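For reference, the chains in residue letters:
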Amino acid sequence: MRIEPKVSGLGATIHDIDLSKPLSAENYKAIEQALGQYGVVSFPNQELTAKQLRDYAENFGKLEINVANMYHDEQYPEVMILSNIKENGQPIGLSDAGQDWHTDMSYSKTIAFSNVLYGIKIPFRDGESLGNTAFCNMHAAYEDLPEGLKVELDGMTVTHDFNKFWEMMRRKEGSSRPPLTEEQRKRKPPVSHPIFLTHPITGRKVLYANPGYSMRVNELPEARSNEVLQFLFEHQTQEKYRYRHPWAEGDVLMWDNMGTIHNAVADYSPDERRLIKRCQVMADKYFPELY
Ligand code: SIN
């Protein structure tokens with residue numbers, strides 16, 4: 001296995017490994033370290049069944065069965081389907097383009113470690129791949145914060161709410177998402193997490209807040225909380241922290257949800273077909289007390 005880092009500091013390509021085969025302890029350790037260090041890793045030219053994708057992802061932690069995503073593999077509900085494709089007028093997957101910046105599962109008491117995506121159909125136009133997944137580096141965003149703000153916010157917590165993101169996606173043109181049911185909302189009530197997390201792989205601090213789900217800095221008066229969150233959202237999404245993964249069919253893309261935030265770029269039309277299978281890996285290996 002060979003790891004080739006991108007120049008941006010975020011992102012690496014991992015060559016010469018077949019993810020359909022059992023993962024050795026040595027390769028597991030190297031991939032885990034690469035995820036901490038580079039935030040996003042891609043494995044080109046993979047050929048995986050739903051079961052093989054699930055088995056690979058499961059090496060890294062418990063897999064989440066999403067509360068609101070009714071689109072998943074028939075046999076393996078941990079394998080979710082993200083797609084804009086319709087068959088007989090019906091969507092075959094959850095359409096997630098134009099999400100805006102967020103961190104998956106920050107709305108959950110038990111936060112996520114990694115997303116593992118497998119690209120099956122990728123739209124291309126004029127030779128360029130569309131529907132890139134974009135990332136921002138939360139290690140760098142934390143490090144660059146003004147010292148005064150680091151001190152002010154140290155030890156504080158942020159409320160995250162699943163419904164904030166869901167409602168934002170529902171407002172998008174053409175969305176087929178129904179409102180969350182009472183039952184779904186009960187299963188995902190708002191939760192609080194430290195605003196600065198010590199990253200379990202790198203041992204460095206990261207900024208753990210995101211425009212998608214973060215609602216309130218709990219320890220601040222409302223007006224100051226709004227001002228701080230507005231500043232953090234602008235700060236953390238600056239161009240200098242970004243990396244975009246240009247998808248190719250057969251890519252497996254994995255990222256660290258603690259050290260990055262992400263956004264699925266919505267630059268393709270409904271007839272430019274995109275199909276991705278995804279597993280969501282929880283951070284239970286790092287925070288067993290929460291699981
Ligand atoms: C995700 O947020 O897990 C999906 C990102 C994408 O579809 O590019």
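Right above here is the structure, for reference.
To keep things clear, this report deals only with the structure shown in the data block.

What counts, and where the lines are drawn
Residues numbered from 1 in each chain as written. Predicted model: local features only at pLDDT ≥ 70, side-chain atom pairs only at ≥ 80, totals over all residues. Heavy atoms only, no water. Buried < 20%, exposed > 50% of the residue type's maximum accessible area, 1.4 Å probe, protein only. Helix = DSSP H or I, 4+ residues; strand = E, 2+ residues; numbered from the N terminus. Pairing = 2+ DSSP bridges. Expected span 1.5 Å × (residues − 1). Near = heavy atom within 4 Å. Polar contact = N/O pair within 3.5 Å; in protein donor to acceptor, adjacent residues only side chain to side chain. Nonpolar A, V, L, I, M, F, W, Y, C, P; charged D, E, K, R; others polar. Contact = heavy atoms within 4.5 Å. Core = buried A, V, L, I, M, F, W, Y, C linked by side-chain atoms within 4.5 Å. Axes fitted to C-alpha atoms, helices over the stretch in contact; angles between N-to-C directions. Phe/Tyr/Trp six-rings, centres within 6.5 Å; stacked < 30°, edge-to-face > 60°. Lys NZ or Arg CZ within 6 Å of the ring centre and 35° of its normal.

**A word on the pairing of strand β7 (residues 112–121)**
The side chains of a regular strand alternate, residue by residue, between the two faces of the sheet. Here β7 lies mainly inside the structure; 8 of its 10 residues are buried. One ladder, built from 8 bridges, connects β7 with strand β19 (residues 275–282); its direction is antiparallel. Within β19, the position partnered with A112 by the bridge is M282. Sheet analysis places β7 next to strand β17 (residues 252–256), joined by 5 bridges and oriented antiparallel. Looking across to β17, one finds that Y118 is bridged to V252.

**Some words on helix α1 (residues 25–38)**
Over its 14 residues, α1 runs 20 Å from end to end, which matches the ideal 20 Å to within 8%, given 1.5 Å per residue. For α1, the set of buried residues is Y28, I31, E32, A34, L35, G36 and Y38. Positive backbone phi, approximately 80°, marks G39, located one or two places after α1.

**A short note on the site of the ligand**
Not every one of the 13 residues close to the ligand is listed here, only the nearest: D96, T133, H262, R274 and R278. Separating an oxygen atom of the ligand from a side-chain N or O atom of N115 is a distance of 2.9 Å. Note that an oxygen atom of the ligand is positioned 2.6 Å from one of the side-chain N or O atoms of R278. Residue assignment for the shell around the ligand shows that the elements contributing at least two residues are β7 and β18 (260–264). Per-class residue counts for the shell around the ligand are 4 nonpolar, 5 polar and 4 charged.

**Topic: the side chain of N137**
As for its placement among the helices and strands, N137 is situated in strand β10 (residues 133–137). A relative accessible area of 16% means that N137 is categorised as buried. Polar side-chain contacts of N137 include one of 3.0 Å to the backbone nitrogen of H139. Not counting the four nearest positions on each side in its chain, N137 is found in contact with L10, Y241 and G259.

**Things to note about helix α5 (residues 162–170)**
What α5 keeps buried is the set F162, N163, F165, W166, M168 and M169. Tucked into the core, α5 has its buried residues touching β11 (157–160) and α6 (182–187). Between a side-chain oxygen at the N-terminus of α5 and the backbone nitrogen of N163 the separation is 3.0 Å; the capping residue is D161.

**Looking at the nonpolar core**
Membership of the largest hydrophobic core comes to 62 residues, with the highest contact counts inside it found for I31 and F43. Counting residues per element, this core draws most heavily on α1, at 5 residues. Discounting chain neighbours no more than four positions away, the residues touching F43 are I14, I17, L19, I31, Y56, G250, D251, V252 and M254. By size, the runner-up hydrophobic cluster in this structure holds 16 residues, among which are L10, V40, Y71 and I122.

**A look at the sheet that holds β18**
The strands making up a sheet associate through backbone hydrogen bonding, with each pair oriented either parallel or antiparallel. Pairing within the open sheet is antiparallel, and its 3 strands lie in the order β16-β10-β18. Only two strands of the sheet have a single neighbouring strand rather than two, namely β16 (242–245) and β18. The sheet shows a mean angle of 25° between the axes of neighbouring strands, taken without regard to direction. Pairing geometry for β10 and β18, over 5 bridges, is antiparallel. Looking across to β18, one finds that A134 is bridged to N263.

**So, the sheet that holds strand β12 (residues 191–194)**
Here we have 3 strands laid out as an open sheet, ordered β12-β11-β15, and antiparallel in their pairing. Pairing within the sheet leaves two strands with one partner each, and these edge strands are β12 and β15 (214–217). For this sheet, the mean inter-axis angle between neighbouring strands, taken without regard to orientation, is 35°. As paired elements, β11 and β12 share 4 bridges and run antiparallel to each other. What sits directly across from T159, in β12, is S192.

**Observations concerning the packing of aromatic side chains**
With the rule as written, the count across this model stands at 11 aromatic pairs. Judged by centre distance (5.8 Å) and plane angle (35°), the ring pair of F162 and W166 falls under tilted. On the criterion of helical spacing, the pair formed by F162 and W166 is a turn pair, its members being 4 residues apart in helix α5. Each member of the pair, F162 as well as W166, carries the same accessibility label: buried. A network of ring pairs unites the aromatic residues Y107, F162, F165, W166 and Y213 as a single cluster. One residue, K150, lies across the ring of Y142, its end atom 4.8 Å from the ring centre.

Honestly, that's just the spatial picture; any functional story needs more than this.
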